[in-house]
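So the chains spell out like this:
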Amino acid sequence: MSTKRLNEINKELKVYINESGFISNKCRNKLLKIFEEEFNVKLDLDNYKNVDLSIKDDFKIIYRDDLYESNNKIKDIADLEERYARFKEKADKLLSRKEIDFKTKSNMNNVTNLVIVICIIGLMIATFIIGVTALINGNYFDCLWFIIIASWIVTPSLKQKVLDRFAQAKRYLKGLIKKVK
């Protein structure tokens with residue numbers, strides 16, 4: 001019975017690590033710190049690409065193919081269950097809080113950025129149309145002012161910010177297209 005429960009715990013640990021890793025490496029490291037606190041073990045927390053965590057039959061901990069032992073040893077399956085229950089409660093709270101922030105805030109920022117990019121493009125088109133209209137009507141001074149002077153004053157100060165916004169919008173749209181496909 002204890003081996004069956006230990007296998008269930010190891011599967012759940014793998015799920016927790018995968019979920020937290022999907023959110024971010026920072027979230028995964030926070031989850032591992034919670035594990036360290038509850039199981040009283042010192043793990044090598046670094047930004048590794050792949051992380052595996054499991055508990056052996058003798059209650060030793062395997063993390064990234066290294067063997068760790070709790071500072072106050074796990075006595076039996078009941079002690080393991082108690083520690084795991086505390087870990088699970090804190091981990092669920094961490095993941096539910098991070099999941100909400102991850103989805104809503106990121107999407108809102110990307111949509112806001114798209115609106116700003118569309119407004120910038122509209123402003124650039126309007127300035128170009130006004131400049132060309134002034135050129136066609138023979139108002140050369142208005143043409144020079146709209147095309148050369150207005151763009152010369154506005155562009156240098158906003159150039160990098162506008163380019164960054166375009167790059168972010170491009171990444172977001174590519175991500176949406178991949179999700180749709």
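Predicted model only: the values in this text are computed from it and were never measured. (Residues numbered from 1 in each chain as written. Predicted model: local features only at pLDDT ≥ 70, side-chain atom pairs only at ≥ 80, totals over all residues. Heavy atoms only, no water.)

1. Section: the pattern of salt bridges
On inspection of all chains with the given rule, the structure shows ten salt bridges. Notably, a salt bridge pairs Arg5 with Glu81, separated by 2.5 Å at the nearest N-O pair. A residue pair is termed long-range when its members are at least 10 positions apart, and Arg5 in helix α1 (residues 2-23) and Glu81 in helix α3 (residues 77-137) qualify at 76 residues. Judged by its relative accessible area of 26%, Glu81 is partly exposed. Across the salt bridge formed by Glu38 and Arg86, the nearest N and O atoms sit 2.6 Å from each other. With Glu38 in helix α2 (residues 25-39) and Arg86 in helix α3, this pair connects stretches of sequence that are 48 residues apart. The class of Arg86 is partly exposed, set by a relative accessible area of 34%. (Salt bridge = Lys/Arg side-chain N within 4 Å of Asp/Glu carboxyl O. Helix = DSSP H or I, 4+ residues; strand = E, 2+ residues; numbered from the N terminus. Buried < 20%, exposed > 50% of the residue type's maximum accessible area, 1.4 Å probe, protein only.)

2. As for the packing of aromatic side chains
Following the criterion strictly, the structure yields five aromatic pairs and no others. Plain terms: the ring middles of Tyr84 and Phe87 are 6.0 Å apart, the flat faces sit at 35° to each other, and that makes the pair tilted. Of this pair, Tyr84 and Phe87 both sit in helix α3, three residues apart, roughly one helical turn. Taking relative accessible area as the criterion, Phe87 reaches 1% and is therefore assigned buried. An aromatic cluster is present here, built from Tyr16, Phe35, Phe39, Tyr84 and Phe87 joined pairwise through their rings. (Phe/Tyr/Trp six-rings, centres within 6.5 Å; stacked < 30°, edge-to-face > 60°.)

3. Re the nonpolar core
Nonpolar side chains in soluble globular proteins tend to be buried together. Residues Phe35, Phe39, Leu53 and Phe87 are the most contacted members of the largest nonpolar core, which totals 28 residues. If you list the elements that add at least two residues to this core, you get α1, α2, β1 (53-55), β2 (61-63) and α3. When residues no more than four places from it in sequence are discounted, the contact partners of Phe35 are Leu13, Asn40, Val41, Leu43, Leu53, Ile61 and Phe87. (Core = buried A, V, L, I, M, F, W, Y, C linked by side-chain atoms within 4.5 Å. Contact = heavy atoms within 4.5 Å.)

4. Things to note about a negative patch on the surface
Taken together, the side chains of Asp44, Asp46, Asp52, Asp65 and Asp66 make up a negatively charged region of the molecular surface. With respect to the helices, strands and loops of the structure, Asp44 is situated in the loop between α2 and β1. In this structure Asp44 comes out as partly exposed when scored by relative accessible area, which is 38%. (Patch = residues over 30% accessible without salt bridge, like charges linked within 9 Å, V, L, I, M, F, W, Y side chains within 5 Å. Areas by Shrake-Rupley, 256 points an atom, 1.4 Å probe, with all protein chains shown as cover. Lys, Arg positive; Asp, Glu negative; His and termini not counted. Charge placed at Lys NZ, Arg CZ, Asp CG, Glu CD.)

5. Observations concerning unusual backbone geometry
The backbone of Asn40 sits at a positive phi, close to 50°, despite the residue not being glycine. Looking at where Asn40 falls in the secondary structure, it is placed in the loop between α2 and β1. What makes Asn40 partly exposed here is its relative accessible area of 31%. A positive phi angle, near 65°, is found at Phe59, a position not held by glycine. By the secondary structure assignment, Phe59 is in the loop between β1 and β2.

6. Focus on the sheet that holds β1
If you trace the three strands from one edge of the open sheet to the other, you get β1-β2-β3, paired in antiparallel fashion. Looking at strand neighbours, the two that pair on one side only are β1 and β3 (66-68), the edges of this open sheet. Taken pair by pair, the neighbouring strands of this sheet meet at an average axis angle of 25°, ignoring direction. Taken together, the three bridges between β2 and β3 define a ladder with antiparallel strand orientation. Residue pairing across strands places Ile61 opposite Tyr68, the latter belonging to β3. (Pairing = 2+ DSSP bridges. Axes fitted to C-alpha atoms, helices over the stretch in contact; angles between N-to-C directions.)

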